[in-house]
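Residue-level structure breakdown
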Amino acid sequence: MKNKRPYLTSNSPSLQPLLEERKQIVDVLNSNNSNQDRIELNKVNAELRRKYAQIKRDKWNELCTSLDSRSSNGKLWKLVKNIGKEQPQVEKCNTIKNRDGTVARDDGQPANILDLHYQNISRDWEADASTLRNSHISLIRPTLEYGYPIYGCASDTNLQRLERVQLSAARNITGLRNSCPKDIVLYEANLQPLSLRRIPNLFKYYNKLYSLDSRNRTSAYFKDWCNNQRLKRNSPFNQVISCNLITNTVEQRHLTQSIDTSVGLPGVFFHTNLPVQVNKQKDHPTFLRQLALEIINDILVYAVKVYTDGSRNDSDCTGSGIYITTHNQELKIHRRNPDFCSVFRSEIIAINEGLDSLSSFPYSDEIWILTDSRSSIQHLANWHRVRDNTGMNILNKLKSLSVSYRIHLQWIPSHVNIQGNEIADALAKAGADDVSVPSAPLTYLELFSRAKGRNKTIWLIPPVRHWYQGSRPGGCLSIDCSRRDQTTRTRFLSGHIRSLTFSDHSKCLEICPKCTAEQATPDHILGCLGLSQQDLFSNSLLTLDFLRVHRLMDLI
């Protein structure tokens, strides 16, 4: 069993007098067991805990001050880089040996061996670029973006300090040199600048507050704001107004549920499965269709069946389709939803529209709402947590209808040739292609998605450099190979290879060892090998093998 470290360590000089005093009090207490000695013992223990906490705090501050975000290989990044590293203990002992297997006799030889070992580690960390990028996104970037609604209005000088931390991370991920421009480094690592990510995040944060009803004080303050009131410079709310972060078309969210939890929704039944447990990805469509038709055929003849569906095309236009049928009547409805509306919300809007359209049908004892969106039924089934405006409208309509009718919300599989579902799907696609301008508001998450879509359009444009050959973000992450090969390819694309130097603000490169005629620029190296830039993208591993065979890797 592993020995646990004691709570108080006695190797600190500041703790020694207190430890000795406590030992004496304990000896006296064991002999007479007086209350006064117990009080003194408690005072000493309290002082020990206070001093011990101060020692730990000082050590932590010393560690934090030693971290330097500008350094490409600081202590923080050494910890991060070792996350995905496997270091099996292949030797029976930790003795440092020479290359011939003999044990070093003096201290100089082990020091040189360790120095060479750590130099090799710094060149190849045994963790690929994807692992390092995931470590940054999971551990570092959330810390950099924590509290962005408050510090987002800070000065550019302070915000650039955070950008330098991410830039240092991007250089570690890609292996690019310090001379490489920062926009290329971030583009190759597929890390958007914090300034580019900050606007969508602020858009989401403030519109979420604005969407709450007036019982939320911050939301009420936003809605009652008057333009003639004076704004404090560099304040968070000044940033909201200057960047136009709040839109009046955001859908309202509720703080409480209007349905009594003690009563619930009697007469409303949510069915998220077929009679047999199925897996839509693995089971055959014919089998799924048969199970769905068993449910549909068992529905009463005079019942109202409402098929709903939602759709979204490549232009981010969305629509909803509703097909209502009885034994002697049918109704087809399609509507255009706001752009960037999610498919899930299009399904919810279709259910809401279908309930509104039931007034023109003679009701029977049952109403069946058949949808291929299982998440929509699960969302409504968890009705005590529903807060969005559309979901609340659906629940209120279900509550009023359930007084006289039994309502079933049934999931059916999509694209298995069920007639009603296929008609609703065609209506939803027609609604998405409709040229009419939708008037329904967007949720704060859909506004956030729209802002991210604009950012993505900007981010996909590669940096404008005549020597830069990259065409998409994350070039170093696109091939599955060793860390060194990923770094070599990234440096080759960036144009800032290892042999590049600067003299009087001009680039200088070594002479090509293959032809000994011109400087070894990336384009010239490809030309000497009879390759093209297209080969570097389509056959990256083959190109790297050519460079390795012709011993040109040291130049890159």
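Named according to an unreviewed UniProt entry, the protein is RNase H type-1 domain-containing protein originating from Araneus ventricosus.

Quick look at the packing of aromatic side chains
Taken as a whole, this structure holds 3 aromatic pairs when the rule is applied. With a centroid separation of 5.6 Å and 55° between ring planes, the pair formed by Tyr187 and Trp459 is classed as tilted. Separated by 272 residues along the polypeptide, Tyr187 in helix α8 (residues 182–189) and Trp459 in helix α17 (residues 444–459) bring together distant segments of the chain. Tyr187 gets classed as buried once you look at its relative accessible area, which sits at 1%. Positioned above the aromatic ring of Trp411 is the side chain of Arg374, whose terminal nitrogen or guanidinium carbon lies 3.9 Å from the ring centre.

Describing the sheet that holds strand β3 (residues 318–325)
Overall, mixed pairing links the 6 strands, which are arranged β1-β6-β5-β2-β3-β4 in an open sheet. In this open sheet, the two strands that pair with only one neighbour each are β1 (268–271) and β4 (330–337). In this sheet, neighbouring strand axes are inclined to one another by 15° on average, regardless of whether the strands run parallel or antiparallel. Where β1 meets strand β6 (residues 406–411), 4 bridges bridge the pair, whose relative direction is parallel. Bridging from a neighbouring strand, Val268 pairs with Ile407 of β6. Docked against the sheet, helix α16 (residues 419–432) engages β2 (304–312), β3 and β4, running at close to 145° with respect to β3.

Some details on the environment of Ala350
If you trace the backbone, Ala350 turns up in helix α13 (residues 343–356). What makes Ala350 buried here is its relative accessible area of 0%. As for Ala350 and Arg335, which are separated by 15 residues in sequence, their C-alpha atoms are 8.6 Å apart. If we ignore the near neighbours within four places in the chain, the residues touching Ala350 are Thr308, Asp309, Ser320, Gly321 and Ile322.

Conventions used here
- Residues numbered from 1 in each chain as written.
- Predicted model: local features only at pLDDT ≥ 70, side-chain atom pairs only at ≥ 80, totals over all residues.
- Heavy atoms only, no water.
- Phe/Tyr/Trp six-rings, centres within 6.5 Å; stacked < 30°, edge-to-face > 60°.
- Helix = DSSP H or I, 4+ residues; strand = E, 2+ residues; numbered from the N terminus.
- Buried < 20%, exposed > 50% of the residue type's maximum accessible area, 1.4 Å probe, protein only.
- Lys NZ or Arg CZ within 6 Å of the ring centre and 35° of its normal.
- Pairing = 2+ DSSP bridges.
- Axes fitted to C-alpha atoms, helices over the stretch in contact; angles between N-to-C directions.
- Contact = heavy atoms within 4.5 Å.

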